[in-house]
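The primary structure of each chain is shown beneath.
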Amino acid sequence: AMLLNKLYILWHFWRAFFAPAEIYMKILILMRHGQAEPYAETDAQRALTPAGRDKAAATARTLQKAGYKPAVLLCSPLLRARQTAQTAGDILGLAPQAAEELDGRLSAKGLIDFAVQQLQKADCVMLVGHNPNCSIAAGILREEYTPFEAGTAAVFDMTDPQTPKFLPTENK
């Protein structure tokens, strides 16, 4: 029992002072769907354009190069978001799962709350959604509104959801 107690203390000492911070970070990757066709029978059926697929793939490669490894990839059930998530997922090695919460009807605050819930289940979560709530949510998290270009992503350290930190997407 004494040996286990000492190992426990050593583990916590090592974790507190020497473990890489990434091990304990909660990372949110918020991605807006890629450029979509302007018209379809319904809004939900609008497909990605070739440029939209290319931009989504480039964004996923940038995230991969920067070392981000999402454990979960959730997307809006609308076609353009599913195609964006599939394109990114193929590069990142993830199968996207549709989530009704990402269909664009949640407020930006609702989107952030949904993200925080997902981060209780996994350390790195990628969400693919729509504007305006992606732009507004990213603006709230950054404390600075910046329009979210189609097919791009913003990365946040959400370890403490009260003080999110905007992270670079260049090599970490």
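See above for the structure.
Rules of the game
Residues numbered from 1 in each chain as written. Predicted model: local features only at pLDDT ≥ 70, side-chain atom pairs only at ≥ 80, totals over all residues. Heavy atoms only, no water. Helix = DSSP H or I, 4+ residues; strand = E, 2+ residues; numbered from the N terminus. Buried < 20%, exposed > 50% of the residue type's maximum accessible area, 1.4 Å probe, protein only. Contact = heavy atoms within 4.5 Å. Salt bridge = Lys/Arg side-chain N within 4 Å of Asp/Glu carboxyl O. Phe/Tyr/Trp six-rings, centres within 6.5 Å; stacked < 30°, edge-to-face > 60°. Lys NZ or Arg CZ within 6 Å of the ring centre and 35° of its normal.

Enquirer: Tell me about the overall build of the protein, and name the residues and values.
Expert: Within the protein, the secondary structure is distributed over 5 helices and 6 strands. Secondary structure elements of the protein occur, N-terminal to C-terminal, as α-β-α-β-α-β-α-β-α-β-β. By the burial criterion, 42% of the 172 residues in the protein qualify as buried. Considering only contacts in the protein between residues 6 or more positions apart, those separated by 24 or more positions represent 70%.

Enquirer: Before we move on, could you go through the pattern of salt bridges and cite the residues and values that matter?
Expert: One pass over the structure, following the stated rule, counts 7 salt bridges. Arg105 is the salt-bridge partner of Glu100, the closest N and O atoms lying 4.0 Å from each other. In this pair, the class of Glu100 matches that of Arg105, namely exposed. For Asp113, the salt bridge identified is with Lys109, shortest N-O distance 2.8 Å.

Enquirer: I'd like to hear about the packing of aromatic side chains, residue by residue, with values.
Expert: Across all of its chains, the model carries 1 aromatic pair by this definition. Sitting above the plane of the Phe166 ring, Arg142 keeps its charged end 3.9 Å from the centroid.

Treat this as a map of the structure, not an account of what it does.
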